[in-house]
Amino acid sequence: MTRQVTAEQAAAMIPDGAVVAVNSSSGLCCPDAVLAGIGARFDAEGAPRNITTIHPIAAGDMFGTKGVDHIAKPGLITRIIGGSYPSGPSKAEPPQIWQRITANEVKAYNVPSGVIFDMLREAAAKRPGVLTKVGMDTFVDPEIEGCAMNDAARQEPIVRRMEFEGEEWLYFKALPPDVAIIRATTADEKGNLSFEHEGAYLGAMEMALAARNNGGLVIAQAKRIAKAGSIRPHDVHVPGILVDVIVEASDQLQTTQTEYDPAISGELTRPLSSFREVEFNVGKVIARRVAQELKDGWAVNIGFGISANVPRIFVEEGLHGSVTWMIEQGAVGGVPLLDFKFGCSANAEAFVPSPHQFCYFQAGGFDASLLSFLEVDKHGSVNVSRLSAIPHRTAGAGGFVDITARAKKIVFSGNFNAGAKMTIENGQLRIHQEGKVAKFVDEVDQISFSGKRAQAQGQDITYVTERCVIRLLAQGLTVTEIAPGVDLQRDVLDQAATSLAVSDDLTVMDAALFDPELMGLQLAKA
């Protein structure tokens with residue numbers, strides 16, 4: 001039988017210098033009780049020390065699930081490899097892990113989430129590492145930043161360029177963990193794990209394999225313990241042969257600020273009428289215009305931000321089901337949820353392990369991706385991963401780099417500049433006060449997506465804002481549509497901090513976008 005222990009006993013099994021992989025996405029699947037146990041042990045004993053932690057997606061958040069902040073203590077973590085990091089409001093105190101990173105007290109790396117899963121998978125198979133083109137010509141590339149988030153990390157590179165079979169690739173060494181900390185809903189006495197109340201599997205199996213095959217320890221946190229043999233074999237997603245110890249945490253949340261919602265775990269189907277209608281404002285106008293870019297029958301990835309409202313537009317317009325939504329945490333279909341529940345979907349059709357989802361994304365097997373932007377530069381490159389003045393305001397890149405690497409079509413969305421005061425009056429956009437921070441600039445602070453590479457690969461790239469639509473064409477960023485009520489020169493060209501071309505076929509955005517009534521959205525067939 002797999003041994004049942006307390007969080008404190010599990011923490012005592014982690015040696016100094018260990019490499020610890022944590023399966024989590026903010027509050028979703030976060031093994032918070034075990035992480036709290038590690039932090040408590042360090043406070044009491046000063047151990048474990050000098051560990052490396054691996055987080056393909058952030059562990060914890062700034063909304064009630066501490067996650068990595070339980071262990072973000074000087075001397076405990078000395079290196080962290082994360083796809084994303086806890087993020088939240090600008091005016092809030094930065095999470096402890098961000099304080100450690102900005103103070104150069106840990107070597108910190110922002111590696112694409114899918115690539116981290118690849119590094120763990122290669123470790124599980126005892127292969128040397130990952131050859132990939134994901135991240136080339138972005139901050140991931142060692143010719144630019146090499147994933148390093150601070151000076152401490154720059155002293156120990158994590159990625160290099162190399163030639164293989166006549167092509168340039170990025171090479172990441174495999175990541176063999178000494179400890180994997182994963183979470184499930186139910187663990188039986190033999191350590192078999194089921195995920196019936198979870199909103200995703202993330203990479204639990206991959207982490208457990210990587211630790212087990214490299215002689216490491218697998219700690220599983222679970223909401224409840226069941227008799228051996230009582231979990232249906234088809235419901236076991238991590239077999240007990242991979243699990244060393246179980247920590248029962250009966251009070252674990254399903255996700256951030258959510259004790260349990262059966263629609264998140266696919267145990268109940270919510271009526272479509274239960275999803276709140278998107279408030280009519282400038283953000284809704286943008287989401288509506290993004291929706292017009294899609295076709296019936298497409299598989300579409302959704303990212304955080306304004307575009308996360310697009311599925312709600314489809315519900316309102318009676319088109320739910322005409323497009324299948326996908327998120328990197330693994331849900332396929334249904335309606336992706338908003339705010340701190342982002343990463344979960346209600347009424348999902350399937351849950352795919354995140355490493356499989358990322359494989360699908362990295363190769364461009366899907367039809368389109370809807371993502372946000374912080375900045376766009378003259379080359380069409382996008383920054384979504386770093387806001388230097390307020391680092392904790394952004395989570396890092398997460399799966400953004402994996403998703404955009406080969407996506408056939410990408411629609412980026414956001415306000416044209418930051419801080420503008422606007423209303424919609426009588427079907428026209430009224431700008432009462434301009435924003436002080438330009439978002440279309442000569443050079444972005446960090447290249448999360450390379451416009452030059454996108455053009456070389458023939459990707460279809462569109463940027464949707466409240467006042468105009470811009471496309472990345474051969475001549476560069478080109479304004480193709482403007483909102484009713486907007487003056488092209490005053491409100492668009494003069495407000496950009498870089499040059500924008502203007503299409504010879506410039507048109508006015510669909511008037512229905514600016515009407516609070518249903519817009520009558522229609523989709524062409526794929």
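Residues numbered from 1 in each chain as written. Predicted model: local features only at pLDDT ≥ 70, side-chain atom pairs only at ≥ 80, totals over all residues. Heavy atoms only, no water.

Colleague: Would you explain the overall build of the protein chain in this entry?
Modeller: Secondary structure summary: the protein chain contains 12 helices and 34 strands in total. Expected size for 526 residues packed as a compact globule is a radius of gyration near 24 Å; at 23 Å, the protein chain falls within 12% of this value. Put simply, the protein chain has 526 residues, and 59% of those count as buried. Expressed as a percentage of contacts within the protein chain between residues at least 6 apart in sequence, the contacts between residues at least 24 apart total 76%. Carbon and sulfur atoms form 49% of the exposed surface of the protein chain, whose accessible area is close to 20,100 Å². (Helix = DSSP H or I, 4+ residues; strand = E, 2+ residues; numbered from the N terminus. Rg over C-alpha atoms; globule rule 2.2 N^0.38 Å. Buried < 20%, exposed > 50% of the residue type's maximum accessible area, 1.4 Å probe, protein only. Contact = heavy atoms within 4.5 Å. Areas by Shrake-Rupley, 256 points an atom, 1.4 Å probe, with all protein chains shown as cover.)

Colleague: Even after reading the chapter, I still don't get helix 7 (residues 282–291), so can you show me in this structure?
Modeller: Working note: α-helix, 3.6 residues per turn, so residues spaced by three or four point in the same direction. With nine of its 10 residues buried, helix 7 lies for the most part within the structure. Restricting attention to buried positions, one finds in helix 7 the residues Val-282, Lys-284, Val-285, Ile-286, Ala-287, Arg-288, Arg-289, Val-290 and Ala-291. Capping the start of helix 7, Asn-281 holds a side-chain oxygen 3.1 Å from the backbone nitrogen of Gly-283, two or three residues further along. (Polar contact = N/O pair within 3.5 Å; in protein donor to acceptor, adjacent residues only side chain to side chain.)

Colleague: Looking at this structure, I do not really get the sheet that holds strand 7 (residues 159–164). What am I missing?
Modeller: Hydrogen bonds between backbone atoms are what pair the strands of a sheet, whose relative direction is either parallel or antiparallel. The three strands are arranged 6-8-7 in an open sheet whose pairing can be described as antiparallel. Of all strands in the sheet, those with a lone pairing partner are strand 6 (129–132) and strand 7, marking the two edges. Averaged over neighbouring strand pairs, the angle between their axes works out to 35 degrees when direction is ignored. Two elements, strand 7 and strand 8 (residues 167–173), share six bridges in a ladder whose sense is antiparallel. (Pairing = 2+ DSSP bridges. Axes fitted to C-alpha atoms, helices over the stretch in contact; angles between N-to-C directions.)

Colleague: Would you take a moment to explain the nonpolar core for this structure?
Modeller: For soluble globular proteins, the rule of thumb is that nonpolar side chains tend to be buried together. Counting 118 residues, the largest nonpolar core has Val-111, Phe-172, Phe-314, Phe-412 and Tyr-463 as its most contacted members. Among residues more than four places away in sequence, those in contact with Phe-172 are Val-111, Val-115, Met-119, Gly-129, Val-130, Thr-132, Val-140, Cys-147, Ile-158 and Val-159. Counting 33 residues, the second-largest nonpolar core is a separate cluster that includes Leu-35, Ala-108, Ile-219 and Val-245. (Core = buried A, V, L, I, M, F, W, Y, C linked by side-chain atoms within 4.5 Å.)

Colleague: Which parts of the structure should I look at to understand the environment of Leu-268?
Modeller: Tracing the chain through its elements places Leu-268 in the loop between strand 13 (245–248) and helix 7. The class of Leu-268 is partly exposed, set by a relative accessible area of 40%. With 80 residues separating them in the primary sequence, Leu-268 and Ala-348 have C-alpha atoms 9.9 Å apart. Apart from residues lying up to four places away in sequence, Leu-268 is in contact with Pro-262, Ala-263 and Asn-347.

Colleague: Can you walk me through empty space enclosed by the protein in this structure?
Modeller: Over the atoms rolls a probe the size of a water molecule, and its path tells where empty space is left. Using the criterion set out here, one finds two cavities of 30 Å³ or more in the structure. Quantified by volume, the largest cavity comes out at close to 140 Å³. For the largest cavity, the lining is made up of 15 residues, of which Met-136, Thr-404, Ala-405, Arg-453 and Gln-457 are closest to its centre. When residues of the lining of the largest cavity are traced back to their parent elements, those giving at least two are helix 10 (400–404) and helix 11 (451–457). (1 Å grid on protein atoms, 1.4 Å probe; cavity = no way out; pocket = protein on both sides within 12 Å on 5 of 7 lines; lining within 4 Å. Points joined across faces, edges and corners; volume = space filled by probe spheres on them.)

Colleague: Which parts of the structure should I look at to understand the sheet that holds strand 22 (residues 375–377)?
Modeller: A sheet is described by the order of its strands in space; here three strands give the open sequence 23-22-29, paired in mixed fashion. Strands at the two margins of the open sheet, each flanked by one partner only, are strand 23 (382–383) and strand 29 (440–441). Here strand 22 pairs with strand 23 via two bridges, running antiparallel. Counted as the bridge partner of Glu-375 is Asn-383 from strand 23.

Colleague: How do you make sense of the layout of surface pockets when you look at a structure like this?
Modeller: The space that makes up the second largest pocket amounts to roughly 310 Å³. Trp-98, Ile-101, Met-149, Arg-386 and Pro-391 are, among the 19 residues lining the second largest pocket, the residues nearest its centre. It is helix 3 (residues 96–102) that contributes the most residues to the lining of the second largest pocket, three residues altogether. Residue composition of the lining of the second largest pocket, grouped by class: eight nonpolar, eight polar and three charged. (Nonpolar A, V, L, I, M, F, W, Y, C, P; charged D, E, K, R; others polar.)

Colleague: Sorry if this is basic, but what is going on with the packing of helix 4 (residues 113–124) against helix 9 (residues 354–362) here?
Modeller: Geometry of a packed helix pair, given as the angle between the helix axes and the separation of the axes. Packing of helix 4 against helix 9 brings their axes to within 9 Å, and their N-to-C directions diverge by 120 degrees. Looking at the two axes, helix 4 sits oblique to helix 9. Viewed along their axes, helix 4 and helix 9 form a crossing whose handedness is left-handed. Seen from helix 4, the contacting residues are Ser-113, Gly-114, Val-115, Phe-117 and Asp-118; seen from helix 9, they are Ser-354, Pro-355, Phe-358 and Gln-362. Broken down by class, the residue content of the contact of helix 4 with helix 9 amounts to four nonpolar, four polar and one charged. (Parallel < 35°, antiparallel > 145°, perpendicular 65-115°, else oblique. Left-handed = near helix turned anticlockwise from the far one by under 90°.)

Colleague: Looking at this structure, I do not really get the side chain of Asn-23. What am I missing?
Modeller: One can find Asn-23 in the loop between strand 2 (19–22) and helix 2 (32–45). We classify Asn-23 as buried; its relative accessible area is 1%. Within the structure, the side chain of Asn-23 is placed 3.3 Å from the backbone oxygen of Tyr-201, a separation counted as a polar contact. Polar side-chain contacts of Asn-23 include one of 2.8 Å to the backbone nitrogen of Gly-203. Not counting residues up to four positions away in its chain, the partners in contact with Asn-23 are Cys-29, Cys-30, Pro-31, Ile-181, Ile-182, Tyr-201, Leu-202, Gly-203, Ala-204 and Met-207.

Colleague: Sorry if this is basic, but what is going on with the environment of Val-479 here?
Modeller: Mapped onto the secondary structure, Val-479 falls in strand 32 (residues 476–482). We classify Val-479 as buried; its relative accessible area is 0%. Separated by 68 residues in the primary sequence, Val-479 and Val-411 have C-alpha atoms spaced 14 Å apart. Residues contacting Val-479, with those up to four places away along its chain left out, are Cys-468, Val-469, Ile-470, Leu-488, Val-492, Leu-493, Leu-500, Ala-501, Val-502, Ser-503 and Leu-506.

Colleague: Sorry if this is basic, but what is going on with the packing of aromatic side chains here?
Modeller: The description of two aromatic rings rests on the distance between their centres and on the angle between their planes. Applying the stated rule across the entire model yields 16 aromatic pairs. For the pair Tyr-85 and Trp-98, a centre-to-centre distance of 5.7 Å together with 55 degrees between the ring planes defines the contact as tilted. Residue Tyr-85 is found in the loop between strand 4 (77–82) and helix 3, and its partner Trp-98 is found in helix 3; the two are separated by 13 residues along the sequence. Of the two residues, Tyr-85 and Trp-98, neither departs from the other in class, the shared state being buried. (Phe/Tyr/Trp six-rings, centres within 6.5 Å; stacked < 30°, edge-to-face > 60°.)

Everything listed here is a matter of coordinates, which is why it stays silent on function.
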